[in-house]
Each structure stands twice: as structure tokens, then as C-alpha cells.
Amino acid sequence: MEALLSLWLKEIAAADAHPLKEVMDDIGREAQRRGMTPEILEAILDED
């Protein structure tokens with residue numbers, strides 16, 4: 001989760017010329033490349 005947040009913050013900082021949708025799509029692709037699946041994300045979000 002820390003890696004995703006870190007990546008997200010880096011993208012936001014460098015996203016001056018990029019629309020939010022493009023940044024979010026890039027983050028999603030990178031998360032998938034690193035092994036994130038919908039099931040893993042759901043499990044993380046349900047940990048409350």
C-alpha cells in the first residue's frame with residue numbers, strides 16, 4: 001500500500017501537464033504491473 005501511495009504522490013507532483021484521468025490510468029497500470037489484482041485491492045480496502 002505504501003508503494004502505491006508513493007507512486008501516486010510522485011505522479012501527482014509531476015502531473016502539472018497531465019489530466020487527472022491519465023495519471024490515474026498510469027497508476028492503475030503500474031499497480032497491475034506490480035501484481036495488484038482487483039481481489040487484492042478489495043481485501044486491502046475491506047481491512048477496516
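This section reports on the structure supplied with the text. (Residues numbered from 1 in each chain as written. Predicted model: local features only at pLDDT ≥ 70, side-chain atom pairs only at ≥ 80, totals over all residues. Heavy atoms only, no water.)

1. Focus on the overall build of the protein chain
Okay, step 1: Scanning the protein chain from terminus to terminus reveals three helices and zero strands.
Okay, step 2: Listing each helix as α and each strand as β along the protein chain from the N terminus yields α-α-α.
Okay, step 3: A total of 48 residues make up the protein chain; the buried ones form 15% of that total.
Okay, step 4: Entry remark: accessible area of the protein chain is about 4,100 Å², with carbon and sulfur atoms responsible for 59%.
Okay, step 5: Charge centroids of the protein chain, computed over 5 positive and 12 negative side chains, lie 9 Å from each other. (Helix = DSSP H or I, 4+ residues; strand = E, 2+ residues; numbered from the N terminus. Buried < 20%, exposed > 50% of the residue type's maximum accessible area, 1.4 Å probe, protein only. Areas by Shrake-Rupley, 256 points an atom, 1.4 Å probe, with all protein chains shown as cover. Lys, Arg positive; Asp, Glu negative; His and termini not counted. Charge placed at Lys NZ, Arg CZ, Asp CG, Glu CD.)

2. Observations concerning the pattern of salt bridges
Okay, step 1: Under the criterion given, the structure shown has four salt bridges.
Okay, step 2: We note a salt bridge from R29 to D26, for which the minimum N-O separation is 2.3 Å. You can see R29 and its partner D26 sitting in helix α2 (residues 20-33), three residues apart, about one turn around the helix.
Okay, step 3: Here R34 and E30 are joined by a salt bridge, their closest N and O atoms 2.8 Å apart.
Okay, step 4: Accessibility expressed as a relative area gives 52% for R34, which makes it exposed.
Okay, step 5: Assessed through its relative accessible area of 18%, E30 is described here as buried. (Salt bridge = Lys/Arg side-chain N within 4 Å of Asp/Glu carboxyl O.)

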